[in-house]
Amino acid sequence: MGKFFSNKDIAKLFREISASYAAKGEDRFKIIAYDNAATSVEHATSELKDLWEDGKLDTVPGLGKSIRGHLDELFKTGKVKHFEDVKKDLPQGMFDLLEVGGLGPKSAYKLAKELKIKNVDELENAAKSGKIGNLPGFGKKSEAEILTAASEVKGRGNISRYLLTDAFPVAERILSHLRNHKDCERAEPLGSLRRMVATVGDIDIAVASKNPKAIVDHFKKFREISRVLEAGPRKASALLQNGIRLDLMVQPANAFGALLQHFTGSKNHNIHLREDAIKNGMSVSDYGIKVGKKLHEFATEEAFYKFLKMDYIIPEMREDTGEIEAALGHKLPEVLDIRDIKGDIHLHSSYPIEPSHDLGKDSFEQIIKRAKELAYEYVGLSDHSPGVSTHTKAQIIDLIKKRSHKIEQLKSSNIEFRILNLLEIDILTDGTLSVPEEGLKILDGAIAGIHSSHHHDKKTITKRMMTAINSPYVQVISHPTGRLLNQRESYEADWTKIFEACKKTQTILEINAYPNRLDLPDTLVREAINVGVKLIINTDSHKLEHMDNMKYGVSVARRGWAKPKDIINTLPWANFRKYFNVT
DNA sequence: GCCGTTTTCGGCCCGACTGTTTTCAGTCG
C-alpha cells in the first residue's frame, strides 16, 4: 500500500498532466480530457480510493479505460510510470507558476525552462530584474503584468473561494454602481452566485444596454476595483481590493436571454447544450442560436430553452448532471421553493442551560415572535445540551426539566403556534450521546450531531453516527458532514450505510442553512433523496438575523433536486408532528 | 483521452481580449 491519495491530490496530478501535455504541444483533446478528469474528480462525492477498492471507478465520468489504468497503478504502487515519463523532461518549477493569473502552460514552461524559475518568488525577482521582457514571445508589458499578478498570488494567501453571504453584498454594490448609469437597462449577478453554489470564485455581472462601451467605461470606475485585468468593447474583468474577481458582459436587451444563459453557466452545462445543438445543426453562443447563417436572438432564457425544445431549467440545476436530458424529456422535477417552508427547528436561544457549546443571543419569546413574522407554523427550540464534563447526570436532568417547564408555559400561551421542546445533543467521541435516556424522555425530540473529534477515521465516524441514527430518541442528525467551508473539510463517512439506516429508522438528515456549513452538501442531498431519505432544512440560528438564512438551505435542496415531499418542514404541523414525540 | 438513442471511429463549445505579431497564439470564462 502506498500513501493515501485524496481526490484533491489526484485532481492536482491530472491538472499537472494536462499542463504537461499542453506545454509539449500534444493533441489538445488529450489536454482537455485530463482537465475534465480533474474537474470530475473534484466534484466526486466519494473518495476515488474507496471507489477503486469497490471496483466502481467507472461510475466517475471522464475517467476512461486509460486513466482508470493509471489510477490502478497509483493506488497499488503510489506512483504512475506514465505520468513520471510525461513530466520527466519538463522543469518541475513550471507547475507552481500556473497559479499566476495570465500564465498558462506554454508561458509557464518557457519561463521555468529558459530562466530556470522554480516558484512565484523567483518569478517576481526575474520580472523585477527585467529578464522576462527580453525573452522571445514576452515584452515589457507582459513582464509588468507578470510582476503584478505574481504579487497578487502571494497577497491572496489560501483563500480562493468566497461564501455566498460574503459575495452577495459585494455584488449588490457593483450592481447599484452599474444601475446608476443612464444606459444601463438591466444588471444581473450571474455565474456561480446565481446558481447558488456553496462558495463562489468570482462575481459575474451581465448588463443589458444599447451602449456597451459606455457601460464598460463606467464599470472601470467602480471604487472597489484595485486593477482592471481587461476591458474590451463588450467585456471587462477586474480585481477588487478584497481579492474577488469581477467579470462583466454587456448585450442589448433584445438578445439578453442568451447572455443570461451563457454567463450563468455552468461551463459543463453550456458545453453539453452546445454539443447537442451541433448534432441538431445549430450553434449556440452568448449571442443567440444560429441555424445555418441565421442568428436567432432571445430576450429571455425561457425563450432560449424553448427554442432548443427544452423546459426551463432553474439556475441551481445547471450543472450537467442530467438536467438537460430531463428538460428535453419534460421530466424535470418540481423542486421546492422557499415559500414551501413551514418551520425551523434548529434554533439556539439565550436560555441558560450551561451548554458545552455556544448559547444563542435571543430569548425563546423573541425567536417565536420572529418565526411568526416569517409565517411559520412551528419552531423547534434546540439549545445545545448541558456540558457533560461540567455537570453530573443529575444536574443535566435537572437543567432539562427546568427548561422544559419554561417551554411548556410558552406552549400554553401560544395555542395557535406550535413549539417543539428539543435539544441539540452531542454524539460523543465514544459514540454515546451527551444526554442520558432519562433526560431524552422529557423532550419532544432531539437533534444529534458530531461536535468533537472530527478527525476520526471513516469507520469510527460512521459508527458514531449510527448510534445516534439508531437511538429512538433522536429524530434529526445535524450538519451531517461536519464541514466548515474554507476552514474544515467534511469528515469521511460511509454514506450508503448511513442513508440506508436513516431510511429504515425514519431518521431525518439536516440541511444546515448556516452559510459556512450548507451541510448536507447538494451532491449528497441528491443521493440521499434518491435512496428515499427524508431531509429537513434548518438555520442553526444563534441570533434572530440568522433565521433569514433559510434561503441558502433551500438553494442547497434545489441544487440537490429536492421536491417538497423530500423536505419534512414543508409539511403542515398535523403531518410534521408525527416525526416527533408529540400529540 | 473520452464517449455513443444517428457513431466503437471520428468527433470533441464558442467567443473575447491582449500582446507581440505582421496574421496569430495564449489565456480565460
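Position numbers for residues count from 1 along each chain, tracking the sequence in the order it is written. Chain letters start at A and ligand numbers start at 1, both assigned in the order the entries are written. Owing to the predicted nature of the model, reporting of local features is limited to residues with pLDDT of at least 70; listing and counting of side-chain atom pairs is limited to 80 or more, with chain, interface and lining totals taken over all residues. Hydrogen atoms and water are omitted, and side-chain values are computed over all heavy atoms in the structure.

Student: Help me get a handle on the overall build of chain A, residues and values and all.
Tutor: Runs of E in the DSSP output that reach at least two residues are strands. Runs of H or I that reach at least four are helices, and both are numbered from the N terminus. For chain A, the helix and strand inventory stands at 24 helices and 17 strands. Taken along the three principal axes of its C-alpha coordinates, chain A extends 80 × 60 × 50 Å. Note on exposure labels: buried denotes an accessible area under 20% of the residue type's maximum, exposed denotes more than 50%, and partly exposed covers the range between, all computed with a 1.4 Å probe on protein chains only. Within chain A, the proportion of its 583 residues that are buried is 53%. We call two residues contacting when some pair of their heavy atoms lies within 4.5 Å. Partitioning the intrachain contacts of chain A with sequence separation of at least 6 by distance along the chain shows that 66% fall at a separation of at least 24. Accessible surface computed for chain A: about 26,900 Å², of which carbon and sulfur atoms make up 52%. For the area figures, the Shrake-Rupley method with a 1.4 Å probe applies, and any residue is considered shielded solely by the protein chains shown.

Student: So what's going on with helix α4 (residues 65–77)? Which residues, and what values?
Tutor: Every α-helix winds through 3.6 residues per turn, so residues three or four apart in the chain are directed the same way. Expected helix span is given by 1.5 Å per residue-to-residue step, counting one fewer step than there are residues. Taking 1.5 Å per residue as the helical rise, α4 with its 13 residues ought to reach 18 Å, and the 18 Å between its terminal C-alpha atoms agrees with that figure. Those residues of α4 that sit buried are I67, H70, L71, L74 and F75. For α4, the angular spread of buried residues about the axis comes to 135 degrees, placing them on one side. In α4, the exposed residues that point more than 90 degrees away from the buried face are K65 and K76. Lining the buried residues of α4 we find α1 (7–23), α2 (28–43), α3 (48–53) and α5 (81–88). Immediately beyond the C-terminal end of α4, within one or two residues, lies G78, with a positive phi of roughly 85 degrees. The arc in question is traced by the directions running from the helix axis to the C-beta atoms.

Student: Kindly report on the domain arrangement of chain A, identifying the contributing residues and their values.
Tutor: How far each domain reaches was decided by an automatic or database domain assignment. If you check the domain split of chain A, you get domain 1 (7–156), domain 2 (162–251), domain 3 (255–328) and domain 4 (338–579). For domain 2 and domain 4, the distance between their C-alpha centres works out to 37 Å. Across the contact, nine residues belong to domain 2 and eight residues belong to domain 4. Here the quantity called buried area is the accessible surface, traced with a 1.4 Å probe, that two parts lose on coming together, added over both. At the boundary of domain 2 with domain 4, total buried surface from both sides reaches about 800 Å², with 69% on carbon and sulfur atoms. By definition here, a salt bridge exists when the distance from a side-chain nitrogen of Lys or Arg to a carboxyl oxygen of Asp or Glu is within 4 Å. The interface formed by domain 2 and domain 4 contains zero salt bridges. Each polar contact in these results corresponds to two N or O atoms within 3.5 Å; when the atoms are within protein, one needs to be able to donate a hydrogen and the other to accept it, and residues that are neighboring in sequence are counted only if both atoms are side-chain atoms. For the pair domain 2 and domain 4, the number of links is one residue pair in polar contact (both at pLDDT 80 or more). Looking at the side of domain 2 that touches domain 4, the element that brings in the most residues is helix α10 (residues 164–179), giving three residues. Of the residues belonging to the side of domain 2 that touches domain 4, the class tally is six nonpolar, two polar and one charged. Any residue outside Ala, Val, Leu, Ile, Met, Phe, Trp, Tyr, Cys, Pro, Asp, Glu, Lys and Arg is labelled polar, Gly included; the first ten of those are nonpolar and the last four are charged.

Student: Kindly report on the nonpolar core, identifying the contributing residues and their values.
Tutor: Here, the term nonpolar core denotes a set of buried Ala, Val, Leu, Ile, Met, Phe, Trp, Tyr and Cys residues that are joined through side-chain atoms within 4.5 Å. Residues I203, V207, F219, L248, I425, L535 and I537 are the most contacted members of the largest nonpolar core, which totals 95 residues. At seven residues, the largest contribution of residues to this core is made by α10. Residues lining this core come from more than one domain, with at least three contributed by each of domain 2 (162–251) and domain 4 (338–579). Dropping the residues within four chain positions of it, L248 is found in contact with L178, I205, V207, I215, V216, F219, R234, K235, A236 and F263.

Student: Describe the protein's contact with DNA strand B, with residues and values.
Tutor: Within the structure, DNA strand B sits among 45 residues, and Y21, G64, G139, R274 and Y287 are positioned closest to it. For DNA strand B, the fraction of atoms within 4 Å of the protein that belong to sugar or phosphate moieties is 77%. Within the side chain of H82, one N or O atom sits 2.8 Å away from a phosphate oxygen of DNA strand B. In the environment of DNA strand B, a phosphate oxygen lies 2.4 Å from a nitrogen or oxygen atom belonging to the side chain of Y287. At the level of elements, α2, α4, α7 (105–114), α9 (140–156), β5 (225–231), α14 (267–279) and β8 (282–285) are the ones that each hand at least two residues to the surface near DNA strand B. A total of six residues in the surface near DNA strand B trace back to one element, the largest contributor, which is α14. When grouped by side-chain class, the residues that make up the surface near DNA strand B number 16 nonpolar, 14 polar and 15 charged. A single heavy atom is enough: if one lies within 4 Å of a molecule or strand, its residue is considered near that molecule or strand.

Student: Please set out the sheet that holds strand β2 (residues 186–190) residue by residue, giving values where relevant.
Tutor: One bridge is not enough; two strands pair if DSSP finds at least two bridges between them. Across the sheet, five strands lie side by side as β2-β4-β7-β6-β5; this open sheet has mixed pairing. Taken across any chain shown, the strands that pair with only one partner, and hence form the sheet edges, are β2 and β5. Strand-to-strand twist in this sheet, taken as the mean axis angle between neighbours without regard to direction, amounts to 20 degrees. As judged from the five bridges shared by β5 and strand β6 (residues 235–240), these two strands associate in the antiparallel manner. Opposite E230, over in β6, you have S237 as the bridge partner. Contacts from α10 reach β2, β4 (202–208), β6 and β7 (245–251), with the element oriented near 25 degrees to β4. Fitting a line to C-alpha atoms yields each axis, with helices limited to the stretch in contact; the angle taken between N-to-C directions then spans 0 to 180 degrees.

Student: Explain the sheet that holds strand β10 (residues 294–296) residue by residue, including any values.
Tutor: Adjacent strands of a sheet pair through backbone hydrogen bonds, lying either parallel or antiparallel. Sheet architecture is open: three strands sit in the order β8-β9-β10, paired in antiparallel fashion. Two strands bound the open sheet, and with one partner strand each, they are β8 and β10. Taken over all neighbouring pairs, the strand axes of this sheet differ in orientation by 25 degrees on average, direction set aside.

Student: Now, about empty space enclosed by the protein: what can you tell me, with residues and values included?
Tutor: Every definition here rests on a 1 Å grid over the protein atoms only: cavities are sets of points where a 1.4 Å probe fits but cannot get out, pockets are open sets enclosed by protein on both sides within 12 Å along at least five of seven lines, and lining residues have some atom within 4 Å of a point. Grid points are joined across faces, edges and corners, and a volume is the space filled by probe spheres set on the points. Taken as a whole and assessed by the stated rule, the structure comprises one cavity of 30 Å³ or more. Every residue lining the largest cavity is listed: L347, H348, I367, S541, H542, K543, L544 and M547. Looking at the lining of the largest cavity residue by residue, the classes come out as four nonpolar, three polar and one charged.

Student: Just give me the short version of the packing of α1 against α4, but keep the residues and values in it.
Tutor: Here α1 crosses α4 at 125 degrees, and the two axes come no closer than 13 Å. Viewed along their axes, α1 and α4 adopt a mutual orientation that is oblique. Remark: the crossing between α1 and α4 carries right-handed chirality. For the pair formed by α1 and α4, the contact residues are I10, L13 and F14 on the first element and I67, L71, L74 and F75 on the second. In these notes the angle categories are as follows: under 35 degrees is roughly parallel, over 145 is roughly antiparallel, 65 to 115 is roughly perpendicular, and the rest is oblique. Throughout, a crossing is termed right-handed when the near helix is turned clockwise from the far one, and left-handed when it is turned anticlockwise from it by less than a right angle.

Student: I'd love a proper account of the pairing of strand β9 (residues 288–291), names of residues and values included.
Tutor: Judged from the four bridges that link them, β8 and β9 form a sheet pairing that is antiparallel. Note on β9: the bridge partner recorded for S283 is K290. Linkage of β8 to β9, two consecutive antiparallel strands, is achieved through a turn of two residues. In this sheet, β10 lies alongside β9 in antiparallel orientation, the contact comprising three bridges. Bridging from a neighbouring strand, K290 pairs with L295 of β10.

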